[in-house]
Amino acid sequence: KEAGPSTAKPVASVISSFLKSRFDEGSHAFEQAKEIVELVLKCFDEHASSLRDETKEVDGKLPRDSCSISVFMQFLLILPSLLTQSDLPLQEVNDALLVIQDLSVFCSEKATFF
């Protein structure tokens, strides 16, 4: 059985671990990845409810602070499609996709720990 929101490490915490493990804090790459990840989290908060009922706000918390990593990983699967349909410039989409790919690998590798 999948861990529920009360027992799983929240997505925001996993994202923080990702940034700290993949980038040197304060570097340009870190700041760029942080900006992209914040936009990913905002999008996740907006679209998470379409993935599962458990993604509705729990005790006033956003999905990023209450959902399990498995729900977030489902979202990462559809995010590239959402990005390519957006009006973002191609370079921004490509930059975002690189960070999302690295984030997906990180989540897959660490899923059992979260």
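Only a predicted model underlies this, so the values are computations on that prediction, with no experimental measurement involved.

Draft legend 1. Quick peek at the packing of aromatic side chains. One pass over the structure, following the stated rule, counts five aromatic pairs. Relative to Phe-23, the ring of Phe-18 has its centre 5.9 Å away and its plane inclined at 85°; by these criteria the two rings are edge-to-face. Phe-23 carries the same exposure label as Phe-18, and that label is buried. Ring-pair connections join several aromatic residues into one group, and the members of that group are Phe-18, Phe-23 and Phe-106.

Draft legend 2. Looking closely at helix H2 (residues 28–47). In a regular helix each residue adds 1.5 Å, so 20 residues correspond to 28 Å; H2 covers 29 Å between its end C-alpha atoms and thus fits that length. If you check which residues of H2 are buried, you get Phe-30, Ala-33, Ile-36, Val-37, Val-40, Leu-41, Cys-43, Phe-44 and Asp-45. The elements touched by buried residues of H2 are helix H1 (11–22), helix H3 (63–66), helix H4 (69–84) and helix H5 (90–110).

Draft legend 3. Region of interest: the packing of H4 against H5. One can describe the packing of H4 onto H5 by two numbers: an axis separation of 10 Å at closest approach and a directional angle of 160°. Viewed along their axes, H4 and H5 adopt a mutual orientation that is roughly antiparallel. Crossing handedness for the pair H4 and H5: left-handed. Contact residues: Ile-69, Phe-72, Met-73, Leu-76, Leu-79, Pro-80, Leu-83 and Thr-84 in H4; Val-93, Ala-96, Leu-97, Ile-100, Leu-103, Ser-104, Cys-107 and Ser-108 in H5. Split into classes, the residues belonging to the contact of H4 with H5 amount to 13 nonpolar, three polar and no charged.

Draft legend 4. Structural detail: H5. Spanning 21 residues, H5 covers 30 Å between terminal C-alpha atoms, matching the ideal 30 Å at 1.5 Å per step. Buried residues in H5 make contact with H1, H2 and H4.

Draft legend 5. Region of interest: the side chain of Arg-64. Along the chain, the position of Arg-64 falls in helix H3. Looking at Arg-64, its side chain comes within polar contact range of the side chain of Glu-38, at 3.0 Å. A polar contact of 2.7 Å, which involves the side chain of Arg-64, links it to the side chain of Asp-45. In this view, Arg-64 contacts Pro-10, Val-11, Ala-12, Glu-38, Leu-41, Lys-42, Phe-44 and Asp-45; residues no more than four positions away in its chain are not counted.

Draft legend 6. The arrangement of a nonpolar patch on the surface in detail. Residues Leu-77, Ile-78 and Leu-82 make up a contiguous nonpolar surface patch of about 280 Å² in total accessible area. If you trace the backbone, Leu-77 turns up in helix H4. The exposed category is assigned to Leu-77, whose relative accessible area is 71%.

Criteria and cut-off values
- Residues numbered from 1 in each chain as written.
- Predicted model: local features only at pLDDT ≥ 70, side-chain atom pairs only at ≥ 80, totals over all residues.
- Heavy atoms only, no water.
- Phe/Tyr/Trp six-rings, centres within 6.5 Å; stacked < 30°, edge-to-face > 60°.
- Buried < 20%, exposed > 50% of the residue type's maximum accessible area, 1.4 Å probe, protein only.
- Helix = DSSP H or I, 4+ residues; strand = E, 2+ residues; numbered from the N terminus.
- Expected span 1.5 Å × (residues − 1).
- Contact = heavy atoms within 4.5 Å.
- Axes fitted to C-alpha atoms, helices over the stretch in contact; angles between N-to-C directions.
- Parallel < 35°, antiparallel > 145°, perpendicular 65-115°, else oblique.
- Left-handed = near helix turned anticlockwise from the far one by under 90°.
- Nonpolar A, V, L, I, M, F, W, Y, C, P; charged D, E, K, R; others polar.
- Polar contact = N/O pair within 3.5 Å; in protein donor to acceptor, adjacent residues only side chain to side chain.
- Patch = residues over 30% accessible without salt bridge, like charges linked within 9 Å, V, L, I, M, F, W, Y side chains within 5 Å.
- Areas by Shrake-Rupley, 256 points an atom, 1.4 Å probe, with all protein chains shown as cover.
- Salt bridge = Lys/Arg side-chain N within 4 Å of Asp/Glu carboxyl O.

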